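# Structural features, examined
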Amino acid sequence: MRLFNAWEMGQDQTKQQIEKGLHLYQSNQTEKALRVWMRVLEKSADPAGRFRVLGCLITAHAEMGRYKDMLKFAVVQIDTARELEDPDYLTESYLNLARSNEKLCEFQKTISYCKTCLNMQGTTVSLQLNGQVSLSMGNAFLGLSVFQKALECFEKALRYAHNNDDKMLECRVCCSLGNFYAQIKDYEKALFFPCKAAELVNDYGKGWSLKYRAMSQYHMAVAYRKLGRLADAMDCCEESMKIALQHGDRPLQALCLLCFADIHRSRKDVQTAFPRYDSSMSIMTEIGNRLGLIQVLLGVTKCWMIQKELDKALESIEKAQELAEGLGNKLGLLKLHCLCERIYRTKGQQRELRDHVVKFHECVEEMELYCGMCGESIGEKNNQLQALPCSHFFHLKCLQTDGTRGCPNCRRLSVKPGYV
């Protein structure tokens, strides 16, 4: 009996220390919170308590951009979950493993771990995580430029969010959908979804972390820039950056610096853009965001092209191409071939020009970035798009004028538009 009481007291102390760490973390005393949690991890013999504190450490390291440490704790959490022999704990730990790999741009591993989560035979708690699993898988498919599967995952995540009245998940999915549509150049939807996320923050986010507001403002900034509304883009990006600096959110700081640089480049102010690209690149390299590095190098390339420094532009392209090939980011490769095409046309180098034109069209075919109704490319310029329930997407004007009730790509019936 005395042994049981001692074990119970140990559980209570573990819980108190975890709560103390959370209070410190929410007060922006991150390093103190980490020290409290690490002491719990070293001293606690309670597996459930250890599991929970590992979850806190994983989240904290994710927000600081310490993705390798995040992965290290996720691996330890898997072992702890196996010790507990509970499918709910195991599902959550595999989700954290998937997220860790997503942050490190290991997209194939992310998809594999997400599929493991979805195959788990857990309880209602596990099923509630399926929305987050679908979101992580969608982000991974987007990183690989597999757009139909990415959209399918985002739709599932959104459905889970609606069915479970999970406004935080809905907010995160809306931000990912903003990113999705920004990549395939439907800029109205690229703005609509983060605006919807911002509305959710305003209506329901009183007790939420400020990161949700910062995240929505960043994605709004990206969309505003692409729409040419540079003053609005700057306002949103400044608000996002302010929150990122207050909370020590290094990943978001890097993205905001990239957005600032892109805004200045859009104004043809390359001298102001360059140092912001450099700062963004430094943080992206530090945290391991290789997908972000491709975007930085694309921006740097375009700056060199504005200055007619074509050889320097080609040097940046070479670095970006190596990253894109390593990640399997096909959209990044397509953009690089497009820039090479422009450079070699200017230089009058016909053989190199033809080579990149062929590779460009191969990328378009591989990603199916064309409308199955009119045959024209998608993602070449700003166009309104519409997804069908099968997650194939087409030019909105083609769907409206054709009046078909079936998807031209897969012949599945399409009585109504999809969720997104």
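Above: the structure in question.
Quick look at the structure, then.

What counts as what
Residues numbered from 1 in each chain as written. Predicted model: local features only at pLDDT ≥ 70, side-chain atom pairs only at ≥ 80, totals over all residues. Heavy atoms only, no water. Salt bridge = Lys/Arg side-chain N within 4 Å of Asp/Glu carboxyl O. Helix = DSSP H or I, 4+ residues; strand = E, 2+ residues; numbered from the N terminus. Buried < 20%, exposed > 50% of the residue type's maximum accessible area, 1.4 Å probe, protein only. Axes fitted to C-alpha atoms, helices over the stretch in contact; angles between N-to-C directions. Parallel < 35°, antiparallel > 145°, perpendicular 65-115°, else oblique. Left-handed = near helix turned anticlockwise from the far one by under 90°. Contact = heavy atoms within 4.5 Å. Nonpolar A, V, L, I, M, F, W, Y, C, P; charged D, E, K, R; others polar. Polar contact = N/O pair within 3.5 Å; in protein donor to acceptor, adjacent residues only side chain to side chain. Phe/Tyr/Trp six-rings, centres within 6.5 Å; stacked < 30°, edge-to-face > 60°. Lys NZ or Arg CZ within 6 Å of the ring centre and 35° of its normal. Expected span 1.5 Å × (residues − 1).

### Examining the pattern of salt bridges
A side chain with one charge may pair with a side chain of the opposite charge, provided their charged atoms come close. Across all of its chains, the model carries 18 salt bridges by this definition. E341 is the partner of R345 in a salt bridge, and the nearest nitrogen-oxygen pair spans 3.4 Å. Here E341 and R345 lie together in helix α17 (residues 330-347), a separation of four residues that amounts to about one turn. For E341, a relative accessible area of 17% gives the class buried. Taken together, the salt bridges that share partners define one network made up of D165, K167 and E170.

### A closer look at the packing of helix α10 (residues 187-204) against helix α11 (residues 211-226)
In the contact formed by α10 and α11, the axes pass within 8 Å of each other and the chain directions differ by 155°. Judged by the angle between their axes, α10 and α11 are roughly antiparallel. The chirality of how α10 crosses α11 is left-handed. Note on element contacts: α11 touches α10 through Y212, R213, S216, Q217, H219, M220, A223, Y224 and K226, opposite Y187, A190, L191, P194, C195, A197, A198, V201 and N202. Across the contact of α10 with α11, the residue classes tally to twelve nonpolar, four polar and two charged.

### Observations regarding the side chain of S44
Mapped onto the elements, S44 comes out in the loop between α2 (30-43) and α3 (47-64). Judged by its relative accessible area of 13%, S44 is buried. A distance of 3.1 Å separates a polar atom in the side chain of S44 from the backbone nitrogen of D46. Setting aside chain neighbours within four positions, we find S44 in contact with T14 and R50.

### Focus on the packing of aromatic side chains
Summed over all chains, the structure comprises ten aromatic pairs. Aromatic side chains F154 and F180 sit 6.4 Å apart centroid to centroid with 85° between the ring planes, which places their arrangement in the edge-to-face category. Taken together, the positions of F154 in helix α8 (residues 147-163) and F180 in helix α9 (residues 167-183) put the pair 26 residues apart, joining distant regions of the chain. Look at F154 and you get buried, because its relative accessible area is 0%. The buried category is assigned to F180, whose relative accessible area is 0%. Ring plane angle 5° and centroid distance 5.9 Å describe the contact between Y181 and F193, whose orientation is recorded as stacked. Placement of the pair is Y181 in helix α9 and F193 in helix α10, with a sequence separation of twelve residues. For the pair shown, Y181 and F193 are each scored as buried. Cluster of aromatic residues (ring-pair linked, three or more members): F147, F154, F180, Y181, F192 and F193. Seen from the ring of F73, K72 lies directly overhead, with NZ or CZ sitting 5.1 Å from the centre.

### Here's the deal with unusual backbone geometry
Glycine aside, residues mostly have negative phi angles, and peptide bonds mostly take the trans form. The phi torsion at C105 lies on the positive side, around 65°, for a residue other than glycine. For C105, the location among the structural elements is in the loop between α5 (87-103) and α6 (107-118). For C105, a relative accessible area of 5% translates into the label buried. Of note, the phi angle at K268 is positive, near 65°, even though the residue is not glycine. Mapping K268 onto the fold places it in the loop between α13 (250-266) and α14 (270-287).

### Details of helix α15 (residues 290-306)
For α15, which comprises 17 residues, the first-to-last C-alpha distance of 25 Å matches the rise-based estimate of 24 Å (1.5 Å per residue) to within 8%. Within α15, twelve of the 17 residues are buried, which leaves the element mostly enclosed by the surrounding structure. Inspection of α15 places G292, L293, I294, V296, L297, L298, G299, V300, T301, C303, W304 and M305 among the buried residues, and these make up the whole buried set. At its buried positions, α15 is contacted by α13, α14, α16 (310-327) and α17. Two or three places before L291, at the opening of α15, N289 has a side-chain oxygen 3.4 Å from that residue's backbone nitrogen. Remark: K308 follows α15 within two positions and exhibits a positive phi of approximately 60°.

### Some points on the environment of G178
Here G178 shows up in helix α9. A relative accessible area of 3% means that G178 is categorised as buried. Along the primary structure G178 and K189 are separated by eleven residues, whereas in three dimensions their C-alpha atoms are 6.6 Å apart.

### So, α11
Counting along an α-helix, one turn takes 3.6 residues, and residues three or four places apart therefore face a common direction. An ideal rise of 1.5 Å per residue puts 22 Å on 16 residues; α11 measures up with 23 Å between its terminal C-alpha atoms. With respect to burial, α11 is a largely interior element, twelve of its 16 residues being buried. Listing the buried residues of α11 in full gives Y212, A214, S216, Q217, Y218, H219, M220, A221, V222, A223, Y224 and R225. Buried residues in α11 make contact with α9, α10, α12 (230-246) and α13. In the stretch just after α11, G228 is the one whose phi turns positive, near 85°.

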